[in-house]
Amino acid sequence: MCLGKIHDILFLYKGVNDMEKVFQVEGMMCGGCEKRVNTALSAVEGVSECKADASTNTVRVVYDEAKVNETTLASTIEDTGYDVIG
Ligand SMILES: [Cu+2]
């Protein structure tokens, strides 16, 4: 096996399709709210990391753009009862 191939496989393993998006979200007040959003996002296929932060009104998501898009992530957040404003 040539080294070029191993390199490609390692890159795939690390997730070359990973994108990061920080959503501005209104309405999260406490750790319970953060947990609700994190739980909902974690269940979405393609999401590898998510961190809701009620103190800054942000939700950071790392996702595989081949599997899920921003629109789906935003509606997942809104389905938990919070408003995505950006
Ligand atoms: Cu709360």
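Residues numbered from 1 in each chain as written. Predicted model: local features only at pLDDT ≥ 70, side-chain atom pairs only at ≥ 80, totals over all residues.

Participant: I would appreciate a short explanation of the overall build of the protein chain in the present structure.
Facilitator: Counting its regular elements, the protein chain contains 3 helices and 4 strands. Listing the helices and strands of the protein chain from first to last along the sequence gives α-β-α-β-β-α-β. Going through the 86 residues of the protein chain one by one, you find that 19% of them count as buried. Here the analysis covers contacts within the protein chain between residues at least 6 apart in sequence; of these, 62% occur between residues at least 24 apart. (Helix = DSSP H or I, 4+ residues; strand = E, 2+ residues; numbered from the N terminus. Buried ≥ 20, exposed ≤ 12 C-beta atoms within 10 Å, placed from the backbone. Contact = placed C-beta atoms within 7 Å.)

Participant: Would you mind going over helix 3 (residues 70-79) with me for this structure?
Facilitator: The periodicity of an α-helix, 3.6 residues per turn, causes residues three or four places apart in sequence to face the same way. Inspection of helix 3 places Leu 73, Thr 76 and Ile 77 among the buried residues, and these make up the whole buried set. The buried residues of helix 3 all sit within an arc of 100 degrees when viewed along its axis, so they share a single face. Relative to its buried face, helix 3 has exposed residues pointing more than 90 degrees away, namely Thr 71, Ser 75 and Asp 79. Along its buried surface, helix 3 packs onto strand 1 (18-26), helix 2 (31-42), strand 3 (58-64) and strand 4 (83-84). Just past helix 3, the residue Gly 81 takes up positive phi, approximately 110 degrees. (Arc of directions from axis to C-beta.)

Participant: Explain the packing of helix 2 against helix 3 to me, please; I cannot follow it from the model alone.
Facilitator: Working note: a packed helix pair is described by the angle between its axes plus the distance between those axes. One can describe the packing of helix 2 onto helix 3 by two numbers: an axis separation of 9 Å at closest approach and a directional angle of 140 degrees. It follows that helix 2 is oblique to helix 3 by the angle criterion. Our pair here, helix 2 against helix 3, has a crossing hand that is right-handed. Of the residues in helix 3, those touching helix 2 at Val 37, Ala 40 and Leu 41 are Leu 73, Thr 76, Ile 77 and Asp 79. (Axes fitted to C-alpha atoms, helices over the stretch in contact; angles between N-to-C directions. Parallel < 35°, antiparallel > 145°, perpendicular 65-115°, else oblique. Left-handed = near helix turned anticlockwise from the far one by under 90°.)

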